[in-house]
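# Topology and contacts: notes
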Amino acid sequence: MKNNTLLTDGPIAKAIASIAIPMLIMMLTAVCFSWLDAWYIAKLGETELTAIDIAFPLITFSSSIIYGGLGTGVSAAIAAYSSAKKDLHTAAGLRYGMIIALITSALISLAIIFFGEALLQRQLSGKPEVILLANQYCFWYYLFFPLMGIGAVLASAMRGTGNAVRPMIYSLIAMFVNAVLTPLLSYESSGHWYSELFLDMGIKGAALSTVASYSLMTLLLAFDFIHERQGLKKNTQTLPVTEQQKVLKRILYTSSIAALVPACTNFTIGISQALLASRGPEILDAYSLSKRFEQFLIMLAIPLCAANMIIISANLGKKNYSRIKQSFIFSSKIMLGLSSLAALFMFFQSSAWFSSFSQNELIHSEGHKYFQFAALHIILLPLCIMLNFAFQGLSQAAKPLPYTLGSVFLFQALGCYLLISNNKSTESFYLSLSLGTSLAFIFCLRKFFHSLQYLETKKAETLTSLDQN
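Residues numbered from 1 in each chain as written. Predicted model: local features only at pLDDT ≥ 70, side-chain atom pairs only at ≥ 80, totals over all residues. Heavy atoms only, no water.

## Notes on a nonpolar patch on the surface
On the surface, a cluster of nonpolar side chains totalling about 670 Å² of accessible area is made up of I99, I103, L107, L110, F114 and F115. Relative to the helices and strands, L107 resides in helix α4 (residues 87-123). (Patch = residues over 30% accessible without salt bridge, like charges linked within 9 Å, V, L, I, M, F, W, Y side chains within 5 Å. Areas by Shrake-Rupley, 256 points an atom, 1.4 Å probe, with all protein chains shown as cover. Salt bridge = Lys/Arg side-chain N within 4 Å of Asp/Glu carboxyl O. Helix = DSSP H or I, 4+ residues; strand = E, 2+ residues; numbered from the N terminus.)

## Re the packing of aromatic side chains
For the coordinates displayed, the defined rule picks out 22 aromatic pairs. For the pair Y287 and Y370, a centre-to-centre distance of 6.2 Å together with 75° between the ring planes defines the contact as edge-to-face. Of this pair, Y287 sits in helix α10 (residues 281-316) while Y370 sits in helix α12 (residues 361-373), and the two are 83 residues apart along the sequence. Summarising the burial analysis for this pair, Y287 and Y370 share the class buried. Taken together, Y287, F293, F296, W353, F354, F357, Y370, F371, F429 and Y430 form an aromatic cluster joined through their ring pairs. The residue whose ring lies beneath R95 is Y96, and the NZ or CZ to ring-centre distance is 5.9 Å. Sitting over the face of the ring of Y81, R250 holds its NZ or CZ atom 5.3 Å from the ring centroid. (Phe/Tyr/Trp six-rings, centres within 6.5 Å; stacked < 30°, edge-to-face > 60°. Buried < 20%, exposed > 50% of the residue type's maximum accessible area, 1.4 Å probe, protein only. Lys NZ or Arg CZ within 6 Å of the ring centre and 35° of its normal.)

## Looking at helix α14 (residues 401-421)
At G415, α14 shows its maximal bend, which comes to roughly 40°. Turning to α14, its buried residues are L401, T404, L405, S407, V408, Q412, A413, G415, C416 and I420. The positive-phi residue at the C-terminal boundary of α14 is N423, with phi of around 60°. (Bend = angle between axes of the 7 residues up to and from the residue.)

## Brief notes about the state of the cysteines
Taken as a whole and assessed by the stated rule, the structure comprises zero disulfides. The thiol of C138 is unpaired, and the distance to the nearest cysteine sulfur, on C264, comes to 20 Å. Residue classification places C138 among the buried residues on the basis of a relative accessible area of 1%. Not engaged in a disulfide, the cysteine C416 finds its nearest cysteine sulfur in C264; these two sulfurs lie 16 Å apart. (Disulfide = S-S within 2.5 Å.)

Read these as spatial facts, not as claims about activity.
Shown next, in the form of structure tokens:
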């Protein structure tokens, strides 16, 4: 059975696995990218670790726009057009996706290159040596960000056609390259014969190794596209202007909604870090490293979320709502089990995570508080993300926004400001995260099943009307 046919027919588990497993491996390598960068940089010193910590919200903010937002929009559109055999629409979707990626990533790069230092200083003032290193990392990372944006769209488009294996293979290659390049570029010679190759570029070398790895992946994906592999074909024919506008509107709408929640979340993380920095650099590092683990958990959850979204999108046009419900319930059960295991592990063994970056006991104890009081937040956050993806698959991406954004701004941003500014304990802030995420999950879940029931009712009414005629 072909990959795009499997999306609409056959076993749900097999359809989800065909996309989620290769994408999971790809995300695992991305997690290793980020962890390896932080681990290598931590070996350079505490100052370098704090520098990468305050750069973290900027990097995740921009990644959420390109990878989470635009990648989701392109993947959902390609899934719908590809399953409907609309080749011209599929080609137009990819073309517009790459154009948007190039423009958006270039604007982000220019903004951070020219104004990044001011943004970093808002998080941690009075530490010029930290700001200097963080700004240096951001400069070299964002100098090549547009090239990485193109790669994100190509990989997302391939997944939308049901072909996720080749992007996975290329991510493994990029991971290996990053693992080799980072110490070569970052470290100084230790006197051993092999260390004579080290270039002693410090944090700049870590940024360049990441850029080189992601850029290599983009080039490999582009090579596949040029040779018309992975379900994507070059097409010189053009759609009527009205149809092109529909394709563009669909991608822009879904992408902007998909990017909005993670972008706002990372914005509030930056605010929270600035507030927590007043309690000391150890509190800042503990919170940042906790959020880094949370980000890794989200990245590992995205393959299942994206697979579910692609199946929903592929079946929406065929009005196969029973398969949509089956896919969502199956995916949610898996997600709940995995996120619960992750939260349980960190509740008892968070020191294993923090000790890989620092031996500072204050960082360990503060981080342990986060995973104790924000445990419910850790469990339900991946499920909230799955619901957002599911709504995108239904082409109703805006419906969960009042609840998800309410959680972000009321419980994460405003909650942190009120509690920390009034000298309340950090535990109370972490507990507010659990409360906000729980409420968002309950309301979004209820809204999703109501939307699905409405679509099923409309389908039944249409069939009844046709029978009567």
